[in-house]
Amino acid sequence: MKILLFCGSLRKASFNRMLTNHALEAIGSRAEVQVAEIGDLPLYNQDIDADPLPESVQRLNRQVAWADRYLFITPEYNYSIPGVLKNAIDWASRPRPNPFANKKAAIMSASPGMLGGARCQYHLRQCFVFLDLVAITSAEVFVSFAADKFDENGKLNDDRTAKAIDKLLTALLAE
């Protein structure tokens, strides 16, 4: 099993980066894992969507094609997904045949607020429809009041959240 993680936050000390790091540890040896580097992608522009593609886009396309499953970990910006994540999705969806088609995907989000990124997850699921991704809906992870759930070293310190993450990862890894 090969999983590609997309972190929708570029900030190194963000709650969603901490959540990404926890997911990497929680997956452990259960699957091969890569993290998509999306911070250096150019803004999608059909004028440069031609051979040769920018190297950063080629790298992302290789990672997306490599993966069997996808885990999106993202903050909520203005009730939606961050532009950097949408840009990565737009670039990765261009190769034909569709590299995402019929593959499983799960979403986690962390937020300092009460909803834990619920609104961005709704918008991301809308993107999944076009991508033909199979969304994991039997388990969901919304890390609300995230400042209380991570310690000063960025480690998750909330058992209830850890159990929810494990349930989501188990569903994502299931055949």
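Peer 1: Just to check I follow, could you spell out the packing of aromatic side chains for this structure?
Peer 2: Between two aromatic rings, the relevant description is the distance of the centres plus the angle of the planes. Tallied over the entire structure, the rule returns 6 aromatic pairs. Each ring, one from Phe6 and one from Tyr70, has its centre 6.4 Å from the other, and the planes form 50 degrees; the classification is tilted. Here Phe6, found in strand S1 (residues 2-7), pairs with Tyr70, found in strand S3 (residues 69-73); they are 64 residues apart in sequence, far enough to count as distant. For Tyr70, a relative accessible area of 0% gives the class buried. Where Phe72 meets Phe128, the ring centres are 5.3 Å apart and the plane angle is 50 degrees; that geometry is what we call tilted. Linking Phe72 in strand S3 with Phe128 in helix H4 (residues 118-131), this pair joins segments that are 56 residues apart in sequence.

Peer 1: What's the story with helix H2 (residues 55-66) in this structure? I'm lost.
Peer 2: Residues spaced three or four apart along an α-helix face the same direction, because each turn holds 3.6 residues. Along its 12 residues, H2 runs 16 Å from first to last C-alpha, staying within 8% of the 16 Å computed at 1.5 Å per residue. Taken residue by residue, H2 has Ser56, Val57, Leu60, Asn61, Gln63 and Val64 as its buried positions. Take H2 and look down its axis: the buried residues cluster within an arc of 160 degrees, on one side only. Buried residues along H2 sit in contact with S1, strand S2 (32-36), S3 and helix H3 (83-92).

Peer 1: So what exactly am I meant to see when it comes to the pairing of S2 here?
Peer 2: Side chains on a regular strand alternate between the two faces of the sheet. Pairing of S1 with S2 involves 5 bridges; the strand directions are parallel. Within S2, the position partnered with Leu5 by the bridge is Val35. In this view, the connection linking S1 to its parallel neighbour S2 by way of helix H1 (residues 15-27) has right-handed handedness.

Peer 1: I'm lost on the side chain of Thr74 in this one. Help?
Peer 2: Within the element layout of this structure, Thr74 appears in the loop between S3 and H3. Not counting chain neighbours up to four residues away, the residues in contact with Thr74 comprise Gly8, Asn16, Pro82, Leu85, Met108, Ser109, Ala110, Cys120 and Leu124.

Peer 1: Mind showing me how you'd approach the packing of H2 against H3 here?
Peer 2: Relative orientation and spacing of two packed helices are given, respectively, by the angle between their axes and the distance between those axes. At a closest axis distance of 9 Å, the pairing of H2 and H3 adopts a crossing angle of 75 degrees. With respect to H3, the axis of H2 lies roughly perpendicular. In this structure, H2 uses Val57, Leu60, Asn61 and Val64 to contact H3, whose residues at the interface are Ala88, Trp91 and Ala92. A per-class count over the contact of H2 with H3 returns 6 nonpolar, 1 polar and no charged.

What counts as what
Residues numbered from 1 in each chain as written. Predicted model: local features only at pLDDT ≥ 70, side-chain atom pairs only at ≥ 80, totals over all residues. Heavy atoms only, no water. Phe/Tyr/Trp six-rings, centres within 6.5 Å; stacked < 30°, edge-to-face > 60°. Helix = DSSP H or I, 4+ residues; strand = E, 2+ residues; numbered from the N terminus. Buried < 20%, exposed > 50% of the residue type's maximum accessible area, 1.4 Å probe, protein only. Expected span 1.5 Å × (residues − 1). Arc of directions from axis to C-beta. Contact = heavy atoms within 4.5 Å. Pairing = 2+ DSSP bridges. Right-handed = clockwise from strand over helix to strand, strands pointing away. Axes fitted to C-alpha atoms, helices over the stretch in contact; angles between N-to-C directions. Parallel < 35°, antiparallel > 145°, perpendicular 65-115°, else oblique. Nonpolar A, V, L, I, M, F, W, Y, C, P; charged D, E, K, R; others polar.

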